[in-house]
Amino acid sequence: MSDAADGRIRVEDAPTSAEAFGAQLESWRLRMEGALASRLPEVHLVPARLHSAMRYSVLGGGKRIRPALLFATARALGLREDEVEAAACAIELVHVYSLVHDDLPAMDDDDLRRGRPTCHKAYDEATALLVGDALQPLAFQLLACDPALPASPAIRLRLIEMLAQAIGTFGMAGGQAIDLAVQGKRLDIGQVEDMHARKTGAVIRASVLMAAECVPPLDPDLYAALTRFAAAVGLAFQIQDDLLDVTGDASTLGKATGADRERAKPTHPAVIGIPASQQRVRLLHNQAIDALAPFGDRAEALRSLAHWLLFRQY
């Protein structure tokens, strides 16, 4: 797929330095703050407390990693950011809903998220449940109705299907169910990686491939390359998260560390140790970068993002 053969307006050139990439990440983060704020119900509308809790949870900070993956993929495919902004919002809304529910006493029972009280602590457990219940359909409403997305009903239907698969029983929700069921049990590394491919990897894959769905027909080889990239990044991202729970600093992370060990979760560090887990991240990073070869310089933002994600300290 050439840079201009299809007549699309290209976004600005990808950053070529760590400093420039950091500025790009911040630009995407700020873009998402405004995009999310404009699509959430206003606090003064009934039911005001629920809308307040939704905005508290969604607009309470965060790295906006999944939208950044979507924007970086869009750049590699010659899409403008405004063409995929609504899809990025949908991805982030379901991610936040999962965090709100994860933090509840019935799940991970966390009091702190992004350096602030979790939703059920700032409000109450019932409201936190309803926040998740409300954010999920809002995500699908955006994919169905937001005017910025491609007008094609087939594309919108595919985006809805892709997000539903990513968060359903064969994706995020299924992974969370397995995670709860295996606490205190011994798993082999293959079982751990299957759980993580669902729990975390499925939504990360969707973040990449939903951008690809906005430019049909995409060459099958390029689509397959993005699929390989997303699978490697999704798994490595979770392994790095597990490593940070062991080696990270709570003040930097904005949440408590050591939770996986306290709950006897079968994570990569617990099953194969810290050095082997770090090596696994490096191998997956190399696989992700290799997968982007067909895109050449157009994928520089994706390469920079993959490196940042997989070697971050927070």
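If you're wondering where the values come from, they're calculated on a predicted model, not measured in any experiment. (Residues numbered from 1 in each chain as written. Predicted model: local features only at pLDDT ≥ 70, side-chain atom pairs only at ≥ 80, totals over all residues. Heavy atoms only, no water.)

Undergrad: What am I meant to see in the packing of aromatic side chains here?
TA: For any pair of aromatic rings, the description rests on two quantities: the centre-to-centre distance and the angle between the ring planes. Within the structure shown, the criterion is met by two aromatic pairs. Ring geometry for Tyr 56 and Tyr 123: centres 5.6 Å apart, planes at 75 degrees, overall edge-to-face. Residue Tyr 56 is located in helix α2 (residues 48-58), and its partner Tyr 123 is located in the loop between α5 (119-122) and α6 (125-145); the two are separated by 67 residues in the primary sequence. Grouping residues by exposure puts Tyr 56 and Tyr 123 together as buried. For Arg 116, the ring lying beneath its charged end belongs to Tyr 56, and the centroid distance is 3.7 Å. (Phe/Tyr/Trp six-rings, centres within 6.5 Å; stacked < 30°, edge-to-face > 60°. Helix = DSSP H or I, 4+ residues; strand = E, 2+ residues; numbered from the N terminus. Buried < 20%, exposed > 50% of the residue type's maximum accessible area, 1.4 Å probe, protein only. Lys NZ or Arg CZ within 6 Å of the ring centre and 35° of its normal.)

Undergrad: Can you help me understand helix α14 (residues 274-291) in this one?
TA: In this model α14 runs 26 Å from its N-terminal to its C-terminal C-alpha over 18 residues, within 8% of the 26 Å that 1.5 Å per residue would give. Those residues of α14 that fall on the buried side of the exposure criterion are Ser 277, Val 281, Leu 284, His 285, Ala 288 and Ala 291. Buried residues along α14 cover an arc of 125 degrees about the axis, so they all sit on one side. Exposed positions of α14 whose direction lies more than 90 degrees from the buried face are Pro 275 and Asp 290. Residues of α14 that are buried make contact with α10 (220-247), α13 (268-272) and α15 (300-310). (Expected span 1.5 Å × (residues − 1). Arc of directions from axis to C-beta. Contact = heavy atoms within 4.5 Å.)

Undergrad: Any chance you could explain the environment of Gly 234 here in plain terms?
TA: Relative to the elements of secondary structure, Gly 234 occurs in helix α10. By relative accessible area, Gly 234 is classed as buried at 0%. Residues Gly 234 and Ala 288, 54 residues apart in the sequence, show an inter-C-alpha distance of 9.7 Å. Sequence-distant contacts of Gly 234, that is, excluding residues within four places in its chain, are made with Thr 200, Gly 201 and Ile 204.

Undergrad: Would you take a moment to explain α6 for this structure?
TA: Because an α-helix packs 3.6 residues into every turn, residues spaced three or four apart end up facing the same way. For α6, spanning 21 residues, the distance from its first C-alpha to its last is 30 Å, which sits close to the expected 30 Å at 1.5 Å a residue. Those residues of α6 lying buried are Thr 127, Ala 128, Val 131, Gly 132, Leu 135, Leu 138, Ala 139, Phe 140, Leu 142 and Leu 143. Against α1 (18-39), α2, α4 (85-102), α5, α7 (153-167) and α9 (189-213) lie the buried residues of α6. Capping of α6 at its N-terminal end is provided by Asp 124; its side-chain oxygen lies 3.2 Å from the backbone amide nitrogen of Ala 126. (Polar contact = N/O pair within 3.5 Å; in protein donor to acceptor, adjacent residues only side chain to side chain.)

Undergrad: Please explain the environment of Arg 80 as it appears in this structure.
TA: Take Arg 80: it is sitting in the loop between α3 (65-76) and α4. Owing to a relative accessible area of 31%, Arg 80 belongs among the partly exposed residues under this scheme. Among the polar contacts made by the side chain of Arg 80, one reaches the side chain of Asp 82 at a distance of 3.0 Å.

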